[in-house]
Amino acid sequence: MMIPHYWYNINVDLPKPLPPPIDPYDGDSRIALLMRILPSELLDQEFTALRYVPIPDEVRELYARIGRPTPLFRAVGLERALNTGVRIYYKFEGALPAGSHKLNTALAQVYYAIKDKAREVVTETGAGQWGLAVSLASSLLGIKATVFMTRSSYMGKKNRVLFMRVYGADVHPSPSELTKYGREALRARPDHPGSLGLAITEAIEYTLMGEGRKYIPGSVLGFVVLHQTVIGMEAIKQLPEEPDLVIGCVGGGSNFSGFSFPMIGAKLRGEGFERTRFLAVESEAAPKLTKGEYTYDFPDTGGLLPMVKMLTLGHDFVPPPTHAAGLRYHGAAPALSLLTREGIVEARSYGQDEVMEAARLFARAEGIIPAPESSHAIRAVIDEARRLPRGSVIAFNLSGHGLLDQDFYERIVG
Ligand SMILES: *Cc1c(COP(=O)(O)O)cnc(C)c1O
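Sequence order as written defines residue numbering, which begins from 1 separately in each chain. In keeping with the predicted nature of the model, local features appear solely for residues at pLDDT of at least 70, side-chain atom pairs appear and are counted solely at 80 or more, and the whole-chain, interface and lining totals rest on all residues. As a rule here, side-chain values come from all non-hydrogen atoms in the structure, and water together with hydrogens is ignored.

1. Considering the overall build of the protein
Only DSSP runs of H or I reaching four residues or more are called helices, and only runs of E reaching two or more are called strands; each is numbered from the N terminus. Within the protein, the secondary structure is distributed over 18 helices and 14 strands. Whereas a compact globule of 414 residues would reach a radius of gyration of roughly 22 Å, the protein reaches 20 Å, a difference of no more than 12%. With the C-alpha coordinates of the protein rotated into their principal frame, the extents come out at 60 × 50 × 40 Å. Only protein chains enter the accessibility calculation, which uses a 1.4 Å probe; a residue is then buried when its area is under 20% of its type maximum, exposed when over 50%, and partly exposed in between. Here the protein holds 414 residues, and the buried ones make up 61% of them. Pairs of residues are marked as contacts when any of their non-hydrogen atoms sit within 4.5 Å. Counting contacts in the protein only where the partners sit at least 6 residues apart, residues at least 24 apart contribute 75% of the total. In short, Shrake-Rupley with a 1.4 Å probe defines the accessible areas, and a residue's cover is counted only from the protein chains shown. Put simply, the protein shows about 15900 Å² of open surface, and 52% of that area lies on carbon and sulfur atoms. Working convention for charge: Lys and Arg count positive, Asp and Glu count negative, and His plus the chain ends are omitted. Charged side chains are reduced to one point each, which is NZ for Lys, CZ for Arg, CG for Asp and CD for Glu. Taking the 45 positively charged and 46 negatively charged side chains of the protein as two groups, their mean positions are separated by 3 Å. The globule rule is 2.2 Å times the number of residues to the power 0.38, and the radius of gyration it is compared with is taken over C-alpha atoms.

Here is the structure:
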């Protein structure tokens, strides 16, 4: 199968215009800041009016080198274990070498940074999946990567730090001594555990401090979702039958949107998927889709980025600890938020214990150890397979594998 030639931009097919990013009224223009720190092509993509955005040949070649198209499996083992007569398919993004879908946008963003003559890309990471994808992409493209990782994860997820370094990235626990914000945070509290907001602030300050640096973000923004639609563009070609139900997990919304938007777009245009339902699954620890408010809010805790209209728990929301660290985000991508508000996407949240049970069942039935984040989608697949009539079809996105998520699996086997 061929790698798609286009990413799909759902903004042109939405039932209502997407509210644009705005600057808050406090003097500083965050949109101007974004123009300074982001690769320029990404901002063009954020506001593009094209329905289909061409994937550069160089990026398509990179996608081939990392193993795209990813496989679409029939979940034979899970079907047998459930015995409900429902057919189940899944797209396996964990087959990519960094273990999750995040590489799809990391490669594109690093490519556009180099087109802008950048010599270094800078980013933040929480649990480390994004940092790992950026490190791998940078090593393939021959550019330096600097990653600010929240100090608590840096201490706890040592294996991801290790592999970022294997790829040649500089990884700094945040707060760090490298930036003014970091030094101030450390002075106030020498054992500061860090936060994603603080890490973003440090990454942006560090980007502005040096020549030839670009900042690249891992979720929520429109161009990130755009790049992830390569998943759904492939899946439409691979699926042998139209699903009745499409499921994915949501942190910031990029893998769910990337998988489902090409199908939702076809449905909105009356070109297929007429009877398909779409279900987004989040963690009870950060329930923005089911309990959030639809309003303008900052995508980052520090309030450095422009405000976007989204379902949000507030940018200062502090989620309780959970092993599915990739789902602990306060808001959902603007287009996904709008589709949820309009009832085109349904949403549900699950707690940690029921998700762990689903992960164990899936690992034993299918042989793939799922990421804790992806296991939220699996929980919904199991519940829906038991509820739907025989002969129904479910397709879901398995956003990553869980082979580096030791803490989660230690709790499962006790
Ligand atoms: C980061 C991550 C997520 C959550 O992020 P989205 O932007 O919602 O996709 C889900 N699954 C895995 C494996 C991740 O690494």
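Right, picking up where we left off after that structure.
2. Some points on the site of the ligand
For each residue, the test is whether any non-hydrogen atom lies within 4 Å of the molecule or strand; if one does, the residue is near. Around the ligand sit 18 residues in total, of which Lys-102, Ser-219, Gly-251, Ser-254 and Ser-399 are the nearest. Within 3.5 Å is the distance limit for a polar contact, defined as a pair of N or O atoms, with the added protein rule that one can donate a hydrogen and the other accept it, and that residues adjacent in sequence qualify only through two side-chain atoms. Here an oxygen atom of the ligand and a side-chain polar atom of Gln-129 are 3.4 Å apart. Here the ligand has 380 Å² of accessible area as a free molecule, and 97% of this is covered by the chains. Here the residues of the shell around the ligand are counted per class, giving four nonpolar, 12 polar and two charged. The classification used treats Ala, Val, Leu, Ile, Met, Phe, Trp, Tyr, Cys and Pro as nonpolar, Asp, Glu, Lys and Arg as charged, and all other residues, Gly among them, as polar.

3. With respect to empty space enclosed by the protein
The definitions used throughout rest on a 1 Å grid laid over the protein atoms alone, on which a cavity is an enclosed set of points accommodating a 1.4 Å probe that cannot get out and a pocket is an open set flanked by protein within 12 Å on both sides along at least five of seven lines; lining residues are those having an atom within 4 Å of a point. Grid points are joined across faces, edges and corners, and a volume is the space filled by probe spheres set on the points. Considering all chains together, one arrives at one cavity of 30 Å³ or more under this definition. Empty space within the largest cavity amounts to approximately 90 Å³. If you go around the largest cavity, the residues you meet are Pro-21, Ile-31, Leu-34, Leu-38, Leu-43, Glu-46, Phe-47, Leu-221, Phe-223, Pro-306 and Val-308. For the lining of the largest cavity, the secondary structure elements donating two or more residues are α1 (30-37) and α2 (40-46).

4. Quick notes on the layout of surface pockets
Roughly 390 Å³ of volume is contained in the second largest pocket. In terms of lining, the second largest pocket is formed by 23 residues, of which the most central are Asn-9, Asn-11, Leu-18, Glu-46 and Gly-222. Contributing elements (two or more residues each) for the lining of the second largest pocket: α2, α11 (222-228) and α15 (334-341). Among the elements that line the lining of the second largest pocket, the one with the most residues is α11, at four residues. Per-class residue counts for the lining of the second largest pocket are 17 nonpolar, five polar and one charged.

5. Quick word on the sheet that holds strand β10 (residues 277-283)
The mixed open sheet is built from six strands, whose spatial order is β3-β4-β14-β9-β10-β13. Edge positions in the sheet fall to β3 (72-74) and β13 (346-350), since each has one partner strand and no second. Across this sheet, the average inter-strand angle for adjacent strands is 25°, counted without regard to direction. A pair of strands is labelled paired if DSSP reports no fewer than 2 bridges between them. With five bridges connecting them, β10 and β13 associate as parallel partners. Across the sheet, Val-281 pairs through a bridge with Arg-348, a residue of β13. Here helix α12 (residues 230-238) sits on the sheet in contact with β3, β4 (87-92) and β14 (393-398), set at roughly 140° to β4. Strands in contact with helix α17 (residues 372-387) are β4, β9 (245-249), β10, β13 and β14; relative to β9, the strand with the most contacts, it is inclined by about 155°. Interaxial angle, 0 to 180 degrees, is taken between N-to-C directions of lines fitted to C-alpha atoms, where a helix line uses only the stretch in contact.

6. Things to note about the packing of aromatic side chains
Pairing of aromatic rings covers Phe, Tyr and Trp, the last through its six-membered ring, and needs centres within 6.5 Å; plane angles under 30 degrees mean stacked, over 60 mean edge-to-face, and all others mean tilted. Tallied over the entire structure, the rule returns 10 aromatic pairs. Ring geometry for Tyr-6 versus Tyr-52: centroids 6.3 Å apart, planes at 65°, classification edge-to-face. Note that Tyr-6 is positioned in strand β1 (residues 6-8) and Tyr-52 in strand β2 (residues 52-54), a separation of 46 residues in sequence. On the basis of relative accessible area, Tyr-6 is assigned to the partly exposed category, the value being 41%. On the basis of an interplanar angle of 45° and a centroid distance of 5.8 Å, the ring pair of Tyr-8 and Tyr-52 is categorised as tilted. Of this pair, Tyr-8 sits in strand β1 while Tyr-52 sits in strand β2; the two residues are 44 residues apart in sequence, bridging distant segments of the chain. On the basis of relative accessibility, which here comes to 35%, the residue Tyr-52 falls in the partly exposed class. Grouped by ring-pair contacts, the aromatic residues Phe-73, Tyr-90, Phe-92, Phe-362 and Phe-396 constitute a single cluster. Geometrically, a lysine NZ or arginine CZ counts as sitting over a ring once it is within 6 Å of the ring centre and also within 35 degrees of the ring normal. The ring centre of Tyr-181 lies 5.1 Å from the NZ or CZ of Lys-180, which sits over that ring.

7. What about the pattern of salt bridges?
Salt bridges are defined by distance alone: a side-chain nitrogen of Lys or Arg within 4 Å of a carboxyl oxygen of Asp or Glu. This model, assessed by the stated rule, comprises 23 salt bridges. Among the ionic pairs, Arg-269 bridges to Asp-13, the shortest N-O distance being 2.8 Å. With Arg-269 in the loop between α13 (254-268) and β10 and Asp-13 in the loop between β1 and α1, the pair connects residues that are 256 residues apart, well separated along the chain. Between Arg-87 and Glu-241 there is a salt bridge, with its nearest N and O atoms 2.7 Å apart. Here Arg-87 is found in strand β4, whereas its partner Glu-241 is found in the loop between α12 and β9, with 154 residues between them in sequence. In this structure Arg-87 comes out as partly exposed when scored by relative accessible area, which is 26%. Shared partners join several salt bridges into a network, and the residues in it are Arg-277, Glu-346, Arg-348, Glu-384 and Arg-387.

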